[in-house]
Amino acid sequence: MTGLATAGQALDFDELIGAHQSMVFSLAYHFLRDRESAEEVAQEVFLSLHRNLAAIQSPQHAAFWLRKVTVQRAFDEGRRRKRRPQVALEDIAEPAAAARPGDPLLGETLRRLIATLADAPRMVMILRYQEDLDPMDIAELLEMPVATVKSHLQRSLALLRGKLERRGLGEH
Amino acid sequence: MDWLDRELGQALNRKNPSPDFAERVRWSLHVQKHQPAHGLQWWLATAAAFVSVAGAGGIGYRQHQGEVARQQVMQAFRIAGASLNHIQTQVREVRR
């Protein structure tokens with residue numbers, strides 16, 4: 001805890017945890033695919049937030065700051081643990097039973113496929129579909145050109161779509 | 001938005017951490033707060049180093065003192081030996 005922290009800041013910090021814990025945890029969880037690692041990352045992120053609380057200017061700034069730091073920590077943890085399956089998206093085996101839209105099996109299949117993407121496109125997909133961010137916001141968070149974000153999105157979606165359509169899940 | 005967008009939105013929806021997550025964050029802050037400050041840690045490390053050096057110095061000093069005492073005893077033996085030789089020489093001369 002910083003020596004400058006006041007009772008008011010402590011209250012705000014508690015509110016920030018309550019408001020953003022699922023966002024921070026989920027970004028790390030979808031990226032790392034490991035609940036324990038994701039909680040460790042999320043905890044580090046909030047401890048870091050507490051150390052930097054004086055620099056946070058608004059609730060919107062807090063949300064942006066948390067997303068950015070979570071992304072960085074998730075990348076670091078991913079590199080450190082090297083747990084990501086080293087299998088190309090194209091090489092994932094077709095499930096025996098075809099899933100249908102809304103089927104939990106399809107959701108799990110999609111998460112598995114996304115987990116095989118390289119770090120940058122995987123995080124782009126997570127930020128797009130978990131956080132519903134547009135390419136410009138994603139580009140700002142990841143410090144990459146908007147065109148690169150769009151390219152990652154298009155390529156990842158094409159790969160996923162092709163894989164699922166081969167299982168008979170086309171346009172609905 | 002097509003079917004794949006919808007499915008991805010559902011597959012990557014937000015999840016909650018453990019129910020005690022916030023409490024564990026607060027506990028970690030509490031633990032960090034009660035760790036010794038960096039200044040105190042520096043003083044503790046310095047004091048530990050000083051004690052180690054002083055201890056090593058004490059052992060060295062005792063070893064030095066032991067060596068001095070050994071040399072004094074050897075010198076005493078040499079003096080006593082020389083005196084004994086001198087006395088024996090005089091005794092032999094008197095007997096002649």
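All figures in this text were calculated on a predicted structure; none of them were measured in a lab.

Reading the values: rules and limits
- Residues numbered from 1 in each chain as written.
- Chains lettered and ligands numbered in written order.
- Predicted model: local features only at pLDDT ≥ 70, side-chain atom pairs only at ≥ 80, totals over all residues.
- Heavy atoms only, no water.
- Contact = heavy atoms within 4.5 Å.
- Buried area = accessible area lost by both parts, 1.4 Å probe.
- Salt bridge = Lys/Arg side-chain N within 4 Å of Asp/Glu carboxyl O.
- Polar contact = N/O pair within 3.5 Å; in protein donor to acceptor, adjacent residues only side chain to side chain.
- Helix = DSSP H or I, 4+ residues; strand = E, 2+ residues; numbered from the N terminus.
- Nonpolar A, V, L, I, M, F, W, Y, C, P; charged D, E, K, R; others polar.
- Buried < 20%, exposed > 50% of the residue type's maximum accessible area, 1.4 Å probe, protein only.
- pLDDT = per-residue confidence, 0-100.

1. Observations regarding the interface of chain A and chain B
Reasoning step 1: Each side of the interface is counted separately: chain A has 40 residues, and chain B has 26 residues.
Reasoning step 2: Buried area between chain A and chain B, summed over both chains or domains, comes out near 3,100 Å², and the portion from carbon and sulfur atoms is 62%.
Reasoning step 3: One can count four salt bridges joining chain A with chain B.
Reasoning step 4: The interface formed by chain A and chain B contains 11 residue pairs in polar contact (both at pLDDT 80 or more).
Reasoning step 5: Elements with a minimum of two residues in the side of chain A that touches chain B: helix H1 (7-32), helix H2 (35-51), helix H4 (104-115), helix H5 (119-129) and helix H7 (146-165) of chain A.
Reasoning step 6: Among the elements that make up the side of chain A that touches chain B, the one with the highest residue count is H1(A) (10 residues).
Reasoning step 7: Tallied by class, residues from the side of chain A that touches chain B come to 20 nonpolar, 11 polar and nine charged.

2. A few points about the pattern of salt bridges
Opposite charge on two side chains permits pairing when their charged atoms draw close.
All names here are of chain A.
Reasoning step 1: Following the criterion strictly, the structure yields 17 salt bridges over all chains and no others.
Reasoning step 2: A salt bridge links Arg 79 to Asp 76, with the nearest nitrogen and oxygen atoms 2.9 Å apart. One end of the pair, Arg 79, and the other, Asp 76, are both in helix H3 (residues 59-81), three residues apart, so they sit about a helical turn from each other.
Reasoning step 3: Residue classification places Arg 79 among the partly exposed positions, given a relative accessible area of 45%.

3. Details of the confidence of the model for chain B
Reasoning step 1: Summarising the model, chain B shows a mean pLDDT of 81, and 84% of its residues fall at 70 or more.
Reasoning step 2: Taken together, the chains of this predicted complex give a pTM of 0.69 and an interface ipTM of 0.80.

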